[in-house]
Amino acid sequence: MAVNLSQIKDLLLPGLRGVEGKYEMIPSQYDKIFTKHDSKMALERTAEMRYLGLAQLKTEGGQTAFDNGAGERFVYNQEHTEIALGYAITRKAIDDNLYKTQFHPSNLGLIESFQQTKEIYGANVLNTATTYNSAIGGDGVALCADDHPIDGGTVSNIPSTPVDLNESTLLNAMISVRTNFKDQAGLKVFARARKLIIAPQNEPVAIRLIKTELRPGSADNDVNAILSTAGGLPESYMVNDFLTSPYAWFLLADNLLVKGYERYSFGYYNWRSIFGSFPSS
């Protein structure tokens, strides 16, 4: 049913002090996690390729080793979904409203609704990062998993057991990103942690870990190794208000993608873009 006079009855009479209900919204957060690109296609497909492996030792007069294993390995999909919302309002409710400047019929929070919907969809990529989605993932495992397949083995972008955020676990994660991330041929890639993503409940921990020059939680004068190990965290940390777990935390590296306007999708095509831990308490 359309918005009618009975739903704005107090806006029909003089003497109303003001209208409340519209509040300052949370600033955009999804664009601090995802890289945004325009798209003119309904479905985006990204193929992950296997390039050449390590060069082989050759003896004088001996044969040169050939690596003919290059080629396509996995395909990741992003299908842009349509997001819509509308409302109807009667002509009488428009004409008789005495407080149009505060409750304008053409501005009932539609922009804010779309903005927060987009944040929820974006955060859902992280909230469901341990659940494999065959419509998106190309390598057969979840975004955050311990068995991402590469030629001749697997690579993990989670800790061996879920761990809470602290000095030791953060340092181990930063080192793991640098030392363990490999391409499909098994060559090390230039992967470095650049930003810590946390829920609001973990912000005090992040502040203590990242905002001090000396070692956190210690009376010693040791330097804070988090600031320098594996290049440190050049983009510090950010709080995402739409994470559903108060304990989960993530390190961003590179290549998380969103294709978007108001027909958009959130997804990924490279698990090497993230390291995540999902403790339950």
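Since the structure is predicted, the reported quantities are computational estimates derived from the model, not experimental observations.

Basis of the calculations
- Residues numbered from 1 in each chain as written.
- Predicted model: local features only at pLDDT ≥ 70, side-chain atom pairs only at ≥ 80, totals over all residues.
- Heavy atoms only, no water.
- Salt bridge = Lys/Arg side-chain N within 4 Å of Asp/Glu carboxyl O.
- Helix = DSSP H or I, 4+ residues; strand = E, 2+ residues; numbered from the N terminus.
- Pairing = 2+ DSSP bridges.
- Axes fitted to C-alpha atoms, helices over the stretch in contact; angles between N-to-C directions.
- Contact = heavy atoms within 4.5 Å.
- Core = buried A, V, L, I, M, F, W, Y, C linked by side-chain atoms within 4.5 Å.
- Buried < 20%, exposed > 50% of the residue type's maximum accessible area, 1.4 Å probe, protein only.
- Patch = residues over 30% accessible without salt bridge, like charges linked within 9 Å, V, L, I, M, F, W, Y side chains within 5 Å.
- Areas by Shrake-Rupley, 256 points an atom, 1.4 Å probe, with all protein chains shown as cover.
- Phe/Tyr/Trp six-rings, centres within 6.5 Å; stacked < 30°, edge-to-face > 60°.
- Lys NZ or Arg CZ within 6 Å of the ring centre and 35° of its normal.

Asker: Is there a simple way to explain the pattern of salt bridges in this structure?
Answerer: Pairing between side chains becomes possible if they bear opposite charge and their charged atoms approach one another. As enumerated under the stated definition, the model contains eight salt bridges in all. In this structure, arginine 50 engages aspartate 67 in a salt bridge whose closest nitrogen and oxygen atoms are separated by 2.7 Å. Placement of arginine 50 in strand 2 (residues 43-50) and of aspartate 67 in the loop between strand 2 and strand 3 (71-79) is noted, with a sequence separation of 17 residues between them. Among the ionic pairs, lysine 195 bridges to glutamate 235, the shortest N-O distance being 3.4 Å. Taken as a pair, lysine 195 in strand 7 (residues 195-198) and glutamate 235 in the loop between helix 4 (203-210) and strand 8 (237-239) lie far apart in primary sequence, 40 residues in all. Here the salt bridges do not stand alone but share partners, grouping Arg50, Asp67, Arg73 and Asp151 into one network.

Asker: Quick question: what am I supposed to make of the sheet that holds strand 7 here?
Answerer: By way of backbone hydrogen bonds, the strands of a sheet pair with one another, either parallel or antiparallel. Taken in spatial order, the four strands make up an open sheet running 8-7-9-12, and their pairing is mixed. The sheet is open, and its two edges are formed by strand 8 and strand 12 (274-277), each paired on a single side. Across the sheet, the mean angle from the axis of one strand to that of its neighbour is 20°, orientation sign disregarded. The pairing of strand 7 with strand 8 spans three bridges and is parallel. Bridge pairing links isoleucine 197 to methionine 238 in strand 8. Strands strand 7, strand 9 (249-252) and strand 12 of the sheet are contacted by helix 3 (residues 167-180), whose axis makes an angle of about 35° with strand 9.

Asker: Teacher, can you tell me more about the nonpolar core here?
Answerer: The tendency in soluble globular proteins is for nonpolar side chains to be buried side by side. Residues Leu170, Leu196, Leu233, Trp249 and Leu251 are the most contacted members of the largest nonpolar core, which totals 45 residues. For this core, the leading source of residues is helix 3, giving five residues. For leucine 233, the contacting residues outside a window of four places in its chain are Leu170, Met174, Ala193, Arg194, Lys195, Leu196, Ile210, Ile226 and Leu251.

Asker: Mind showing me how you'd approach unusual backbone geometry here?
Answerer: Working note: non-glycine residues mostly have negative phi, and peptide bonds are mostly trans. With a phi close to 55°, alanine 230 is a non-glycine residue in the positive phi region. Relative to the assigned elements, alanine 230 resides in the loop between helix 4 and strand 8. Despite not being glycine, serine 236 shows a phi value in the positive range, around 55°. You can see serine 236 is positioned in the loop between helix 4 and strand 8.

Asker: Honestly, a nonpolar patch on the surface in this entry has me stumped. Any pointers?
Answerer: A surface patch of nonpolar side chains, about 260 Å² in accessible area, is lined by Leu85, Tyr87 and Leu110. One can find leucine 85 in the loop between strand 4 (81-82) and helix 1 (91-96).

Asker: Quick question: what am I supposed to make of the packing of aromatic side chains here?
Answerer: This structure, assessed with the given rule, holds two aromatic pairs. Pairing tryptophan 249 with phenylalanine 275 gives two aromatic rings, centres 6.4 Å apart and planes at 40°, and the pair type is tilted. One end of the pair, tryptophan 249, is in strand 9; the other, phenylalanine 275, is in strand 12, and 26 residues separate them in sequence. Since its relative accessible area comes to 0%, tryptophan 249 is described here as buried. Look at phenylalanine 250 and phenylalanine 278: their rings are 5.4 Å apart centre to centre, the planes differ by 80°, and that puts the pair in the edge-to-face class. Here phenylalanine 250, found in strand 9, pairs with phenylalanine 278, found in the segment after strand 12; they are 28 residues apart in sequence, far enough to count as distant. Stacked on the ring of phenylalanine 190, the Lys or Arg arginine 192 has its end atom at 4.2 Å from the ring centre.

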